[in-house]
Amino acid sequence: MQVLVHGRPVGLALPAVMGILNVTPDSFSDGGRYASLEAAIDQGLRMAADGASIIDVGGESTRPGASPVDTGEELRRVLPVIEGLAARLDVPLSVDTSKPEVMRAAVAAGAGLINDVRALEAHGALEAAAASGAAVCLMHMRGEPRSMQEDPCYGDVVAEVGAYLAARVEACRRAGIAPERISVDPGIGFGKRPEHNLALLAALDRLAEPGVPVLIGVSRKSLVGIITGRPPGERLAGSLAFAALAVARGAAIVRAHDVAATVDVVKVASALRSAGSGGSLQ
Ligand code: 8Y7
């Protein structure tokens, strides 16, 4: 998998950990934009020191029930963080957005991967991503964050999500995005019941064609809470168990809040995977 770092293509060693850097008002509750900016940059630097291979900067909450954020506000949240981290780090930065304007500005500011929970389906997003030259992560979501958990319904969830991701990969290739810059994600918790999430995690090897890296985000999610009965602050062990098992099943990138612990888990799972018949990831 290839991403941009300071505008140039760089190969990403897989499996990798993507650190989550949320820049939403609720994620840094102390007053003032400057204090929040400093806190966000510090957190990004800490995740890099902890071994993150990518830092994912997001300014729009996509939690179940969350409301949309306007473009100007999203830009004000993410751009200074991306600029600040790009000036201090050689670690690839990703921007978690669905808006073409944010994609363009974030890549110009130093992001090298576009992580889109709407898989570049917004008007103009595919073209903006292709023109930027950045890598992309195409995530499956059923519905929109505000209502997606109301009544998600599938026939064969693995087949449906797999077909959706294959179609979005094809659309990206047709738009001129280099195949080695495309990754996919089944979108754990995005318009899915627990049984759908588990079916997808159990069948990771069937979700994408060989050579298309699969990203998995389970960190602290309600799926872990439902299984373990624990609140978000106590979901580390459950999240790590899913991280290990996802890598064992072929996941290439794990998106996580707790970077240091996840890096160790991914190293161990990866060593075991390489010792078996799994082979190496691209
Ligand atoms: C995911 C994600 C979130 C995920 C990808 C959270 C932005 C909710 N989850 N992006 N974003 N995959 N690719 O709990 O699972 O982090 S937001």
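Everything in this summary refers to the structure shown in the same document.

Parameters at a glance
- Residues numbered from 1 in each chain as written.
- Predicted model: local features only at pLDDT ≥ 70, side-chain atom pairs only at ≥ 80, totals over all residues.
- Heavy atoms only, no water.
- Helix = DSSP H or I, 4+ residues; strand = E, 2+ residues; numbered from the N terminus.
- Rg over C-alpha atoms; globule rule 2.2 N^0.38 Å.
- Buried < 20%, exposed > 50% of the residue type's maximum accessible area, 1.4 Å probe, protein only.
- Contact = heavy atoms within 4.5 Å.
- Areas by Shrake-Rupley, 256 points an atom, 1.4 Å probe, with all protein chains shown as cover.
- Near = heavy atom within 4 Å.
- Polar contact = N/O pair within 3.5 Å; in protein donor to acceptor, adjacent residues only side chain to side chain.
- 1 Å grid on protein atoms, 1.4 Å probe; cavity = no way out; pocket = protein on both sides within 12 Å on 5 of 7 lines; lining within 4 Å.
- Sits in = over half its atoms within 2 Å of the grid points.
- Nonpolar A, V, L, I, M, F, W, Y, C, P; charged D, E, K, R; others polar.

Once that is clear, we can look at the overall build of the protein. Counting secondary structure elements, the protein contains nine helices and ten strands. Relative to the globule expectation of 19 Å for 282 residues, the C-alpha radius of gyration of the protein, 17 Å, shows essentially globular dimensions. With respect to the three principal axes, the spread of C-alpha positions in the protein is 45 × 45 × 40 Å. Sorting the 282 residues of the protein into buried and exposed places 54% on the buried side. The contacts in the protein between residues at least 6 apart in sequence include a share of 69% that link residues at least 24 apart. For the protein, the accessible surface area stands at approximately 12,000 Å², while carbon and sulfur atoms represent 53% of it.

What follows is about the environment of Ser 67. Checked against the element boundaries, Ser 67 lands in the loop between strand S4 (54–58) and helix H2 (71–88). Separated by 78 residues in sequence, Ser 67 and Pro 145 have C-alpha atoms that sit 7.5 Å apart.

Surrounding the ligand, one finds Thr 62, Asp 96, Asn 115, Val 117, Cys 137, Met 139, Asp 185, Phe 190, Leu 215, Gly 217, Lys 221 and Arg 255. Between Arg 255 and the ligand, the recorded distance is 2.8 Å, taken from a side-chain N or O atom to an oxygen atom. Here the ligand occupies the largest pocket. If you list the elements that add at least two residues to the shell around the ligand, you get strand S7 (135–139) and strand S9 (215–217). Here the shell around the ligand is composed, by residue class, of five nonpolar, three polar and four charged.

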